[in-house]
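A look at the structure
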Amino acid sequence: MRTQVAIIGAGPAGLLLAHLLHRGGVDAVVIETRSQEYVAARIRAGILESSSVDLLESVGLGERLRAEGHEHRGIYLQLPGERHHLDFVDLAGRSVWVYGQTEVQKDLVAAGTAQVFYEASQVELHSLQDRPYVTFTDSSGAAQRLDADVIAGCDGSFGPSRAAATPGERYERVYPYSWLGILADVAPSTDELIYAWHPGGFALHSMRSETVSRLYLQVPNGTDPADWPDDRIWAELATRLGHGQDGWKLTPGPVTDKSVLPMRSYVQTPMRRGRLFLAGDAAHIVPPTGAKGLNLAVADVALLSRALVALLIDGDARLADSYSDDALRRVWRCTHFSWWMTTMLHASGDPFDAQLQLSQLRWVTSSEAGATGLAENYAGLPIGF
Ligand SMILES: Cc1cc2nc3c(=O)[nH]c(=O)nc-3n(C[C@H](O)[C@H](O)[C@H](O)COP(=O)(O)OP(=O)(O)OC[C@H]3O[C@@H](n4cnc5c(N)ncnc54)[C@H](O)[C@@H]3O)c2cc1C
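If you check an unreviewed UniProt entry, the protein appears there as p-hydroxybenzoate 3-monooxygenase from Paractinoplanes abujensis.

What follows is the structure, encoded as C-alpha cells:
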C-alpha cells in the first residue's frame, strides 16, 4: 500500500491529524494496535481549552461538543476551611469546556475521515531518513507494508515512534505520588472543578456530565486500588474536599471505574527525526494536574497538519522544518504549568514545602496578578504560542 502520511496510533492525536490532513487534501492511513471499541472506551482526559474547542469547531467537530459539553468559567481552589473561585473569563478572557476524551474520540470516528487498520500487530517503522515505510500484521494475520512520504508518530508513550525518533534529548521528572481516579454514576457535587490542597494529600473533584463525576485522590506510588474500597475513597474525598464546610456536601455514588495513574513529566526533543514527526503523548507526557495532555495533542497536530499540507501539496518545507521548535515552545509552557500546579497542590511530607505551597496558594487566591497567571495557562494559550 502507499499513502502520503502513515499515522501510527488512533488516539486523539492520530485521528485528529488524519481528519485535518483529509480536509487539507492529503491522504493518510492510520495503524492502531487496539480495537476501535477499546480505544473509544478508554477513560482519560476531560477538559478542553478554548483553543482546542475553537479548532475542533473550525473543522466540523464542534456540534455535539457545544450541545452536550459544559462550558466552565473557572475552577475552585480549596484549602482547609477556605474555598476560592477563580473566574478565567474575567481574568484571562477565556473559558474551558468539560467534554470527555471518549466523546472527542467518538466524534472523530463518526467524522469517518480516517482510514484505520485497527488490531494491527508487530508495527515497525523503517527507512526514516528517506522513503519511509511501516510494516505490520493486520487483524486478519496478513503481513502488510505501507509506503509513505512521511510517518506521524501519534502512538502515545508506549508506542514504537518515540524510540525510533532517538537519539535526541530526553527530559524527565517522576513524581513521588500517583492519582487514584474514580468514575462515579452520581451528579457532580459542584458546578466547576474543585482542586483541593490538604495536609493529607491533594484531591480533585471533576466531572464528565450532569450525571457522571470523576474524582481523584493523591496516593503513594505503587498503590493497589484493591486497598481502596469505595467507602474509604468517598470518606477521604469528603475530608480533603471540605465536606461540611459552609454547608457544602459531597454526594457519593456507585463507582464504575477505579484506576491508579502515575505522575510523570517527559519531553523528547527534537519532535522529528528525518521523515518521522512525533505528536501528542509520543513526544511528551505531563501530569494531569494542569489538564494539558489532550490539549497538547490537539495543538501539536494543528501545527503538524499545516506543516504537512504545505510540504506535500505545495512542496514548501519551511513549516515542517520549524515544526519541532514551534510545537516545543507550547510543550515547555504546558510542562512548566503542569509541574507548577502539581508541586503547588500535592503533599510531599516536608513541612517547609507545605508552607511554601500555602504561601503560593494565598498569593494566587488573593492577588489578581497571581490568579491571572493561573487562569491564562489553565484556559490555554493560543495554538502556535
Ligand atoms: C492511562 C492514562 C490516563 C490519563 N488520564 C488523564 C486524566 O485523567 N486527565 C487528563 O487531563 N489527562 C489524562 N491523560 C492524558 C491524555 O489522555 C493524553 O495526553 C492523550 O490521550 C494524548 O493523546 P495521544 O493521541 O497523543 O495518545 P494516546 O491517547 O495514548 O493514543 C495513542 C494511540 O496509539 C496506540 N498505539 C500504541 N502502540 C502502538 C503501536 N505499536 N502501533 C500502533 N498504535 C499504537 C494506542 O493504542 C493509542 O490508541 C491520561 C493518559 C493516560 C495514558
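A word on the overall build of the protein. Per the secondary structure count, the protein includes 12 helices and 20 strands. Computed over C-alpha atoms, the radius of gyration of the protein comes to 21 Å, within 12% of the 21 Å expected from 2.2 N^0.38 for 385 residues, which places it in the range of a compact globule. With the C-alpha coordinates aligned to their principal axes, the bounding extent of the protein is approximately 65 × 45 × 40 Å. Long-range contacts, defined as pairs at least 24 residues apart, comprise 72% of the intrachain contacts of the protein with a sequence gap of at least 6.

Further remarks concern the site of the ligand. Near the ligand you find 31 residues, and of these G9, G11, G156, G280 and G293 are the closest. Within the residue set of the shell around the ligand, elements represented by two or more residues are α1 (12-23) and α9 (293-313). Here the shell around the ligand is built from residues that sort into 16 nonpolar, 10 polar and 5 charged.

Turning to the nonpolar core, a few remarks are in order. Buried together is how nonpolar side chains tend to be arranged in soluble globular proteins. Counting residues in hydrophobic clusters, the biggest one holds 115 residues, and the most contacted among them are I7, L17 and A279. For this core, the leading source of residues is α9, giving 13 residues. Residues within four places of L17 in sequence aside, it is in contact with I7, A152, C154, A279, V301, L304 and S305.

The mixed open sheet is built from 6 strands, whose spatial order is β8-β2-β1-β12-β19-β18. On the outer flanks of this sheet lie β8 (115-117) and β18 (272-273), each paired with one strand and no other. Where strand β12 (residues 150-153) meets strand β19 (residues 276-278), 3 bridges bridge the pair, whose relative direction is parallel. Opposite A152, over in β19, you have F277 as the bridge partner.

Here W234 is to be found in helix α8 (residues 230-241). For the pair W234 and V26, spaced 208 residues apart in the sequence, the C-alpha separation amounts to 49 Å.

Looking now at the UniProt feature "domain: FAD-binding" (unreviewed entry) in the protein. Feature annotation in UniProt places "domain: FAD-binding" (unreviewed entry) on residues 2-338, given in this structure's numbering. With 32% helix and 31% strand, residues 2-338 has its two end C-alpha atoms placed 39 Å apart.

Domain boundaries assigned for the protein yield domain 1 (1-46 + 100-168 + 270-346) and domain 2 (172-262). Relative placement of domain 1 and domain 2: their C-alpha centres are 30 Å apart. Listed by partner, the interface residues are 9 residues for domain 1 and 15 residues for domain 2. Its residues placed into classes, the side of domain 1 that touches domain 2 shows 5 nonpolar, 4 polar and no charged.

Taking strand neighbours across the sheet as the criterion, the 8 strands line up as β6-β5-β14-β15-β16-β13-β17-β20 in an open arrangement whose pairing is mixed. Across the chains shown, the open sheet's two edge strands, defined by having one partner strand only, are β6 (82-87) and β20 (284-285). Sheet topology places strand β14 (residues 194-196) next to strand β15 (residues 203-207); 3 bridges connect them, and they run antiparallel. Looking at the pairing, Y195 lines up with L204 of β15.

This next bit is on the pairing of strand β1 (residues 5-8). Of the two faces of β1, the one carrying V5 and I7 and the one carrying A6 and I8 are both buried. In this structure, β1 lies alongside strand β2 (residues 28-31), joined through 4 bridges in parallel fashion. When the sheet's bridge partners are listed, I7 is paired in β2 with V30. Once the chain exits β1 it traverses α1 before rejoining the sheet at β2, and the crossover so formed is right-handed. The pairing of β1 with β12 spans 4 bridges and is classified as parallel. Residue pairing for β12: I8 is matched across the bridge by G153.

In the contact formed by α1 and helix α6 (residues 101-111), the axes pass within 10 Å of each other and the chain directions differ by 35 degrees. Crossing hand, α1 versus α6: left-handed. Between α1, through P12, L15, L16 and H19, and α6, the contact on the second element is made entirely by Q101, V104, Q105, L108 and A111. For the contact of α1 with α6, the class distribution of residues is 6 nonpolar, 3 polar and no charged.

With that settled, the discussion passes to unusual backbone geometry. With an omega of -10 degrees, the peptide bond between T269 and P270 qualifies as cis. Mapped onto the secondary structure, P270 falls in the loop between β17 (255-269) and β18. The backbone of Q122 shows a phi angle near 50 degrees, a positive value even though the residue is not glycine. Mapping Q122 onto the fold places it in strand β9 (residues 121-126). Positive phi, normally seen in glycine, also occurs at D246, with a value near 50 degrees. Note that D246 resides in the loop between α8 and β17.

Conventions used here
Residues numbered from 1 in each chain as written. Predicted model: local features only at pLDDT ≥ 70, side-chain atom pairs only at ≥ 80, totals over all residues. Helix = DSSP H or I, 4+ residues; strand = E, 2+ residues; numbered from the N terminus. Rg over C-alpha atoms; globule rule 2.2 N^0.38 Å. Contact = placed C-beta atoms within 7 Å. Near = placed C-beta within 6 Å. Nonpolar A, V, L, I, M, F, W, Y, C, P; charged D, E, K, R; others polar. Core = buried A, V, L, I, M, F, W, Y, C linked by C-beta atoms within 7 Å. Buried ≥ 20, exposed ≤ 12 C-beta atoms within 10 Å, placed from the backbone. Pairing = 2+ DSSP bridges. UniProt positions renumbered as here; feature names shortened; annotations may be inferred. Domains from an automatic or database assignment. Right-handed = clockwise from strand over helix to strand, strands pointing away. Axes fitted to C-alpha atoms, helices over the stretch in contact; angles between N-to-C directions. Left-handed = near helix turned anticlockwise from the far one by under 90°.

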